[in-house]
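What the coordinates show
What follows is each chain in one-letter form.
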Amino acid sequence: MEKVVSDAVNAIRILSAESIQQANSGHPGLPMGAAPIAYTLWARHMHHNPKDPQWLNRDRFVLSAGHGSMLLYSLLHLFGYGLTKVDLMNFRQLKSKTPGHPEYGHTVGVETSTGPLGQGVANAVGFALAESMLAARYNKEDIRPIDHYTYCLCGDGCMMEGIEYEAASLAGTWGLGKLIVFYDSNGISIEGSTDIAFRDDVARRHEAQGWQVLTVDDGEDIEALDAAIVLAQKCTDKPSLIVVKTVIGYGSPKAGTAACHGAPLGDEGLAASKETFGWTAKPFEVPNDVARHYADCAAECAKAQADWNKVMKAYKAAYPDEYEELMQRKSGKLSRAIAEEKTLWKFKDGDSTRNTSGAILNKLADWLPELVGGSADLAPSNMTYLKNKGDYSKENTAGRNLHFGIREHAMAAITNGLYLHGGFAAFCATFFVFSDYMKNAMRMSALMNIPVTYVLTHDSIGVGEDGPTHQPVEQLVGLRSIPNLKVFRPADGKETAAAYISALTGKQPTAIVCSRQKLPLLSKSGPEALKGGYIVRESEKETPDVILIATGSEVSLCVDAAEALSAQKIDARVVSMPCIEVFEAQPKAYREQILPPEVRARVAVEAGSAYSWFKYVGLDGATVTMDTFGESAPADQLFEIYGFTAENVAKTAAKVYKAYKKSLQQ
């Protein structure tokens, strides 16, 4: 290996180790062991342009082993993405551009927040999926505007996680030939040798899942890495896994041990590492010849975009309509103003919200070519199949229906990657109770502030005979506890339409929680639902005696209860609260108009946990909710057994009102 290349590799190692030592926190093992992989890929093969990090046809790089973040930060610094020496020195410090794990939207050049191990592999599958779908729609025999790779670096920990198994299986089934994953196989995890818990033959497993598998026995061999990447790029009908045998913490006194996985090398260890590599540059500096080398590499990378710009000029001239559509999708803005579509608000009476959700999805799919998605083998039950839009497969990459199989965790993380690639409005679906399997990926979409839509049907004990294993009770409050995630539980078709408009026009993820059972069409529902909470039955008095607050199937129940209360001379207002998060974002004046603070006799009604509602009912109110698991029986019986009847709601409200009225008299 020529000296400048050797020094360029070692620059990644030393900058990483120095930053971690400065912070006295971090993971030096992976950056030091995997530096040759990163250098070979970024300098010799990856098409990227530091001057235009959002170039549409760039190759994507995902660091699934996100704890090795200094590897990525060192690359971004050396290639000129704008990370400065000071940024490296502030690694893991408050408000720095170099947080402990890479964060999308925070640091230029970071394609996704991978966070927990394995997420990045699934995100990478989503990126590669997006590339293949866009290529199928826009590439022509003579001009190919979409033609790039997705690269991912993962470690032993990623390979242990179930999400990687799920994602790898789908990638192989879909034949994602533009996906290349590097497996940094160093045999070490936090507790020591991986042999104590992990002896899988990862290569054979991936071969069985439909991958091409290549092996580089010496992770320091740049030429072998180079050759493996070339072979991987040539395999276009299946994804490639490059197993690279590396030494964790290579070149340090702690090399090959768990001691360098998640702790700084120490001053003496850092000094010894520099001596091993013959590194004499000042801290956080690189030799001039190394700096020039990286500048030359970056300039060479930029040529790929210059060539692509010529392709796009020809494409625009030859296919102007497709060009405009592609640019529209690149912008991230919807290609149609769906909120203005009047037919989106028209529904027949007495239908389940999963059915109205399906009708809305199909209308939207006709209008929005960017809308794609699928279900975890539940499309006929979720009502998420897009009619006449084709099924995506290895043989048909133009299909817009994604069949994820029973792989909820990978499905959600892949959908994140699909959106992050650009060019798509993406959704995925399953039964609400299985959102527990998706929780981590949903949390990541909320952290990244990306508007992925989660369609979650069979929302309560309304599931009925399937029993408590399939009846969500605590899931609503669980999802509502995730910051930046909107959770809609619509009461009818028009509220479902509002949920989709909010999801697709917003800038954060949304869960749309739909019923299996049929629900009446509310007379006063509609666009007001876009405010998250509104009045569906007004009281006769200007200030009502009691307020009933509900979501989903319980809203119409409360309307009936209000009529019963009227016969008792108790004046009730009914408020539908399809989305607490959206309601909380409204001005205080609006919120107090809907829920006047002087009306303290309140009852919240929801076929789920009570924890969401104490803020709204206070010490003087009550809830009609579920604080136990359900049981197997017809849905109608279960709603009656657990108190979700107009009679019980009216009884509870009357009791609350009378108790509050009495307290005022004392």
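Here's what I pulled together on the structure shown here. (Residues numbered from 1 in each chain as written. Predicted model: local features only at pLDDT ≥ 70, side-chain atom pairs only at ≥ 80, totals over all residues. Heavy atoms only, no water.)

With that settled, consider the overall build of the chain. Tallying secondary structure elements over the chain gives 24 helices and 18 strands in all. For 666 residues, the compact-globule estimate of 2.2 N^0.38 gives 26 Å, and the chain sits close to it at 28 Å. Its C-alpha atoms give the chain principal-axis dimensions of roughly 90 × 60 × 45 Å. Residues classed as buried in the chain amount to 61% of the 666 residues present. Working note: accessible area of the chain is about 26000 Å², and carbon and sulfur atoms make up 50% of it. The distance from the centre of the 67 positive side-chain charges to the centre of the 78 negative ones in the chain is 6 Å. (Helix = DSSP H or I, 4+ residues; strand = E, 2+ residues; numbered from the N terminus. Rg over C-alpha atoms; globule rule 2.2 N^0.38 Å. Buried < 20%, exposed > 50% of the residue type's maximum accessible area, 1.4 Å probe, protein only. Areas by Shrake-Rupley, 256 points an atom, 1.4 Å probe, with all protein chains shown as cover. Lys, Arg positive; Asp, Glu negative; His and termini not counted. Charge placed at Lys NZ, Arg CZ, Asp CG, Glu CD.)

Another aspect to go through is the side chain of Thr 415. Looking at the secondary structure, you find Thr 415 in helix α15 (residues 408-421). For Thr 415, a relative accessible area of 1% corresponds to the buried category. Excluding residues that lie within four positions of it along the chain, Thr 415 makes contacts with Phe 404, Ala 426, Phe 427, Cys 428 and Val 452. (Contact = heavy atoms within 4.5 Å.)

Take the environment of Thr 215 next. Take Thr 215: it is sitting in strand β6 (residues 212-216). Measuring from C-alpha to C-alpha, the distance between Thr 215 and Tyr 183 comes to 9.4 Å, with 32 residues separating the pair along the chain.

When we look at burial in helix α10 (residues 267-277), the residues that qualify are Gly 269, Leu 270, Ser 273, Lys 274 and Phe 277. Along α10, the residues classed as buried sweep out an arc of 140° about the axis, all on the same side. In α10, the exposed residues that point more than 90 degrees away from the buried face are Asp 267, Glu 268 and Glu 275. Considering only its buried residues, α10 is in contact with α1 (3-23) and α2 (29-44). Backbone geometry just downstream of α10 places Gly 278 in the positive-phi region, at approximately 65°. (Arc of directions from axis to C-beta.)

Side chains Arg 602 and Ala 604 of strand β17 (residues 602-605) all project onto a buried face; the interleaved residues Val 603 and Val 605 project onto the opposite face, where all are buried too. Relative to β17, strand β15 (residues 546-550) runs parallel, the two sharing 4 bridges. Bridge pairing in β17 places Ile 547 opposite Arg 602. Direction of pairing for β17 relative to strand β18 (residues 622-624): parallel, over a ladder of 3 bridges. Its bridge partner being in β18, Val 603 is matched across the sheet by Ala 622. (Pairing = 2+ DSSP bridges.)

Using the criterion set out here, one finds 26 salt bridges in the structure. Where Asp 147 meets Arg 144, a salt bridge forms, and the shortest distance between an N and an O atom there is 3.8 Å. In this structure, Asp 459 engages Arg 489 in a salt bridge whose closest nitrogen and oxygen atoms are separated by 2.9 Å. With Asp 459 in the loop between β11 (453-457) and α17 (475-480) and Arg 489 in the loop between β12 (486-488) and α18 (493-505), this residue pair connects regions lying 30 residues apart in the sequence. Its relative accessible area of 2% is what places Asp 459 among the buried residues. Residue Arg 489 is classed as buried on the basis of its relative accessible area, which comes to 0%. Because the salt bridges share partners, they merge into one network encompassing Glu 131, Arg 144, Asp 147 and Lys 178. (Salt bridge = Lys/Arg side-chain N within 4 Å of Asp/Glu carboxyl O.)

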